[in-house]
Structures are given as C-alpha cells and as structure tokens.
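As a plain string of letters, each chain reads:
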Amino acid sequence: MKSFLLAALVLVSVNASADQIASLVNFESTAARPDTADGQDNITSILNTNMEFTLPENISFYGGFSFVLGETFESSVTLGSRFYSATPAFQIFPGIPMWSFIGGGVSFLDDTVYYPEAGFRIATSDASRLDVYIKILNSSNDTYDKHIMVGAGLTF
C-alpha cells in the first residue's frame with residue numbers, strides 16, 4: 001500500500017507545474033500531553049519534512065517524513081490534506097496576506113496517529129509562506145493519544 005501511495009504522489013508531482021509543488025518543513029512542540037501509565041511524558045516535539053501539492057481549488061495534499069522526539073526517537077511517513085480560505089482572512093501589514101486553513105492527516109508511527117489541524121498561512125514573500133497551526137493527535141496508543149501540538153512551518 002505504501003508503494004502505491006508513493007507511486008501516485010510521484011505521478012501527480014511529475015504532471016504538476018512548479019507553482020503547485022512546494023517544500024514544507026514544520027516543527028511542532030507539545031503544548032499539552034498526558035502522562036503514560038508509568039508516569040513518563042510522551043512526545044516532546046515533531047519535525048516534519050514534506051512536499052505539498054496545491055490545487056487551484058485551495059486544497060493541498062502533502063506527504064513526507066516525520067521525526068518524533070520524546071522518550072525515544074522515532075520516524076514515520078506522514079500524509080495529509082489542507083483546505084485554505086479562498087481569499088486572505090486578513091492582512092497583518094500591507095502586502096502580507098494571511099489565509100486560514102483546516103486539515104487533517106495521518107502518521108504511520110508504531111501505531112497509526114490521526115490528527116485534525118487548523119491554522120494560518122502568512123505570505124512572507126512571493127515564493128515562501130509561514131504556517132502557524134495547532135493539531136491534536138489521536139491514536140489507540142497512549143504514547144501518542146491526546147497530545148496538543150503547536151507548530152510553525154516554512155513553505156518554499
């Protein structure tokens with residue numbers, strides 16, 4: 001199944017223009033997390049490196065790798081999607097628009113982790129964007145479940 005998803009992502013990427021594909025690098029830190037049964041804290045932060053494909057309908061799909069830091073180091077494949085507002089929600093300064101987004105995704109760690117996310121994308125230049133967001137991790141494994149992550153990312 002993973003090889004099929006990778007092949008589909010490569011096929012879509014080959015047919016897309018350069019304006020639709022971007023690198024996406026995010027760093028997330030835990031804002032709230034439960035303790036495990038033995039009293040140990042779980043995930044402390046996550047580093048994501050993804051490729052994002054954006055459709056003209058303000059929908060994007062991304063996929064890549066996640067590196068989880070906590071009690072132990074772990075890496076995984078991550079897939080997700082976001083829906084951006086059609087027009088900027090507001091402008092911080094003249095010429096710097098800010099879009100809102102909602103989305104969700106899945107990370108294939110030791111156990112599968114699902115998450116909803118919501119945030120803002122700020123245009124820092126013509127070629128790069130800054131993402132600020134919050135996401136809630138959900139899993140059947142207590143190591144990942146009920147974590148609230150606050151993140152920032154750069155798209156270029």
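Residues numbered from 1 in each chain as written. Predicted model: local features only at pLDDT ≥ 70, side-chain atom pairs only at ≥ 80, totals over all residues. Heavy atoms only, no water.

**What to know about the overall build of the protein**
So, step 1. A count of helical and extended segments in the protein gives 1 helix and 9 strands.
So, step 2. Split into buried and exposed, the 156 residues of the protein put 36% on the buried side.
So, step 3. Restricting to contacts in the protein with at least 6 residues of sequence separation, those with at least 24 account for 47%.
So, step 4. On the protein, roughly 8,600 Å² of surface is accessible, and the fraction owed to carbon and sulfur atoms is 66%. (Helix = DSSP H or I, 4+ residues; strand = E, 2+ residues; numbered from the N terminus. Buried < 20%, exposed > 50% of the residue type's maximum accessible area, 1.4 Å probe, protein only. Contact = heavy atoms within 4.5 Å. Areas by Shrake-Rupley, 256 points an atom, 1.4 Å probe, with all protein chains shown as cover.)

**Description of the nonpolar core**
Proteins that are soluble and globular tend to have nonpolar side chains buried together.
So, step 1. Grouped together as the largest cluster of nonpolar side chains are 11 residues: Leu 24, Ile 43, Ile 46, Tyr 62, Val 68, Leu 109, Val 113, Tyr 115, Leu 137, Tyr 144 and Met 149.
So, step 2. At the level of secondary structure, the elements contributing two or more residues to this core comprise β3 (59–69) and β7 (112–123).
So, step 3. Val 68 has contacts with Ile 43, Ser 45, Ile 46, Phe 73, Glu 74 and Leu 109, leaving out every residue within four places of it along the chain. (Core = buried A, V, L, I, M, F, W, Y, C linked by side-chain atoms within 4.5 Å.)

**Some points on unusual backbone geometry**
So, step 1. The backbone of Asn 58 sits at a positive phi, close to 70°, despite the residue not being glycine.
So, step 2. Although it is not a glycine, Lys 146 adopts a positive phi angle of roughly 60°.
So, step 3. Following the sequence through the fold, Lys 146 ends up in the loop between β8 (129–137) and β9 (147–155).

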